[in-house]
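Per-entry structural report
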Amino acid sequence: MARKKQSERATADTVSETVDGGLAELIPDRDRPRAWTLLLDGAPQSHVDLDDPAALTFEYQRRLGHVADLAAPPGRPLQAVHLGGGAFTLARYVAATRPRSTQQVVELDEPLVRFVRRTLPLDPGARIRVRAVDARAGLAKIPDGWADLIIADVFRGARTPAHLTSTEFLDEVRRALRPGGTYAANLADGPPLAHLRGQIATAAGVFPELALIADPTVLRGRRFGNAVLVASARELPVADLTRRVATDSHPGRVEHGRALADFTGGATAVTDATAKASPAPPPSVFR
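Being a predicted model, the structure only gives us computed values, none of them experimental.

Quick word on the sheet that holds strand 11 (residues 225-232)
Spatially, the eight strands line up as an open sheet ordered 7-6-5-8-9-11-10-12, and their pairing is mixed. The open sheet is flanked by strand 7 (127-131) and strand 12 (253-256), the only strands paired with a single partner. Across the sheet, the mean angle separating the axes of adjacent strands is 15 degrees when strand polarity is ignored. Pairing between strand 8 (residues 147-152) and strand 9 (residues 177-189): five bridges, direction parallel.

Right, dumping it as structure tokens:
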């Protein structure tokens, strides 16, 4: 889920199709001849440039890209799992920046998968397998310790489903990660940030190392927005991540250690029994 930009409005060249998640629209980018923005029921999901898949436009996708860049030494192939497909933006990015990577994309909405694959074809040389199943069910099929990187970016109706917010879900994530692998999740919340704090507390019960990337106005609870949670069993490259985020075209802040613990406050871990979907964004987010 991303905030809408003024240039992302329908034109005569828009391609649309009804999928399980609602109306999927691919809107051409006026500035790039083979670039498109994917919207689902009016909510921007992802942006893809077929001529330059290493170009990430959306703020949260750029931050996930920084995490992928630091998940292993430059150029080294990754074994990556993407929970949530959209337009396969991050899978295309990893394939472009780390050739010979092996990736699995898990996307429940099979009509959306067909629509994107037909309209924005994947590079046939990229090792990207797409499976149209529920994210948690697809994660359960990943062998123990297989993944270097797992990215969760799952929204249904602009909300993350409840069963992808719990301790039990993150236990499955850690099982599928190799020792020292990296998990990154795109989260969305607004004031009073109860969902975000709960997700940090939940991850802290499963992973010893955490970091959070977000715009300062989101962290201060001044607006609804995205935050990227990063977790690992190994020490995270916080200094490099902070430098990349601070100098990005969409600069943000990285919270870690005591500052992150203070931000989390008294939030408690979420379980399958207590899990709720993330809050719905206010209508103004997509105007």
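There's plenty left to go through after this.
Here we look at the pattern of salt bridges
As enumerated under the stated definition, the model contains 17 salt bridges in all. A salt bridge links Asp51 to Arg34; its shortest N-O distance comes to 2.8 Å. Placement of Asp51 in the loop between strand 4 (43-49) and helix 1 (59-69) and of Arg34 in the loop between strand 2 (22-28) and strand 3 (35-40) is noted, with a sequence separation of 17 residues between them. Across the pair Arg223 and Asp215 runs a salt bridge, and its minimum N-O distance is 3.7 Å. Residue Asp215 is classed as buried on the basis of its relative accessible area of 16%. Three or more residues are tied together by salt bridges with common partners; here these are Arg76, Asp148 and Arg178.

Comments concerning the side chain of Thr165
Of note, Thr165 is situated in the loop between strand 8 and helix 5 (167-176). A distance of 2.7 Å separates the side chain of Thr165 from the backbone oxygen of Ala162, its partner in a polar contact. In this view, Thr165 contacts Thr160, His195, Gln199, Thr202, Val270, Ala275 and Lys276; residues no more than four positions away in its chain are not counted.

What to know about the pairing of strand 8
Successive residues of a regular strand alternate their side chains across the two faces of the sheet. Counting buried positions along strand 8 yields six of six residues, so the element is predominantly enclosed. In this sheet, strand 8 lies alongside strand 5 (residues 79-83) in parallel orientation, the contact comprising four bridges. If you follow Ala80 over to strand 8, its bridge partner there is Leu149. Taking the sense of rotation as the criterion, the β-α-β connection linking strand 8, helix 5 and strand 9 turns out right-handed.

Section: the nonpolar core
The nonpolar side chains of soluble globular proteins are, as a tendency, buried together. Counting residues in each nonpolar core, the largest one holds 35 residues, and the members touching the most others are Leu83, Ile150, Val173, Tyr183 and Leu212. When sequence neighbours within four positions are dropped, the list of residues in contact with Tyr183 reads Ile150, Ala152, Phe169, Leu170, Val173, Leu177, Phe207, Leu229, Val230 and Ala231. Ranked by size, the runner-up nonpolar core spans 26 residues in total, among them Leu64, Val67, Ala68 and Ala71.

Topic: the sheet that holds strand 2
Here we have four strands laid out as an open sheet, ordered 1-2-3-4, and antiparallel in their pairing. The open sheet terminates on both sides in strands that have one partner only, identified here as strand 1 (15-19) and strand 4. Recorded for the sheet is a direction-independent mean angle of 20 degrees between the axes of neighbouring strands. As paired elements, strand 2 and strand 3 share five bridges and run antiparallel to each other. Paired with Glu25 across the bridge in strand 3 is Leu39.

Let's talk about the side chain of Asp248
Along the polypeptide, Asp248 turns up in the loop between helix 8 (238-246) and strand 12. Beyond its immediate sequence surroundings of up to four residues, Asp248 is in contact with Arg62 and His66.

What to know about the packing of aromatic side chains
Following the criterion strictly, the structure yields two aromatic pairs and no others. Between Phe58 and Tyr60 the ring centres are 6.4 Å apart and the planes differ by 45 degrees, which places this aromatic pair in the tilted class. Centroid distance Tyr183 to Phe207: 6.2 Å. Interplanar angle 5 degrees. Geometry classified as stacked. Highlighted residues: Tyr183 in strand 9 and Phe207 in the loop between helix 6 (194-204) and strand 10 (209-214), separated in sequence by 24 residues. A single burial state applies to Tyr183 and to Phe207, both of which are buried.

Comments concerning the packing of helix 6 against helix 9 (residues 257-264)
The contact between helix 6 and helix 9 brings their axes to 9 Å, and the two run at 125 degrees. On the basis of their axis angle, the class for helix 6 and helix 9 is oblique. Where helix 6 crosses over helix 9, the handedness of that crossing is left-handed. Between helix 6, through Leu196, Arg197, Ile200 and Ala201, and helix 9, the contact on the second element is made entirely by Leu260, Phe263 and Thr264.

Some remarks on the pairing of strand 9
The element strand 9 is extensively covered by neighbouring structure, given that 11 of its 13 residues are classed as buried. Pairing of strand 9 with strand 11 involves eight bridges; the strand directions are antiparallel. When the sheet's bridge partners are listed, Ala184 is paired in strand 11 with Val230.

Considerations on helix 9
Residues separated by three or four positions in an α-helix point in the same direction, a consequence of the helix having 3.6 residues per turn. The complete set of buried residues in helix 9 reads Leu260, Phe263 and Thr264. Looking down the long axis of helix 9, one finds its buried residues gathered within 100 degrees of arc, a one-sided arrangement. Elements in contact with the buried residues of helix 9: helix 6, strand 10, helix 7 (216-219) and strand 12. With its phi angle positive at about 65 degrees, Gly265 sits one or two positions after the end of helix 9.

The rules behind each value
- Residues numbered from 1 in each chain as written.
- Predicted model: local features only at pLDDT ≥ 70, side-chain atom pairs only at ≥ 80, totals over all residues.
- Heavy atoms only, no water.
- Pairing = 2+ DSSP bridges.
- Helix = DSSP H or I, 4+ residues; strand = E, 2+ residues; numbered from the N terminus.
- Axes fitted to C-alpha atoms, helices over the stretch in contact; angles between N-to-C directions.
- Salt bridge = Lys/Arg side-chain N within 4 Å of Asp/Glu carboxyl O.
- Buried < 20%, exposed > 50% of the residue type's maximum accessible area, 1.4 Å probe, protein only.
- Polar contact = N/O pair within 3.5 Å; in protein donor to acceptor, adjacent residues only side chain to side chain.
- Contact = heavy atoms within 4.5 Å.
- Right-handed = clockwise from strand over helix to strand, strands pointing away.
- Core = buried A, V, L, I, M, F, W, Y, C linked by side-chain atoms within 4.5 Å.
- Phe/Tyr/Trp six-rings, centres within 6.5 Å; stacked < 30°, edge-to-face > 60°.
- Parallel < 35°, antiparallel > 145°, perpendicular 65-115°, else oblique.
- Left-handed = near helix turned anticlockwise from the far one by under 90°.
- Arc of directions from axis to C-beta.

The values reported here are purely geometric and, on their own, carry no functional implication.
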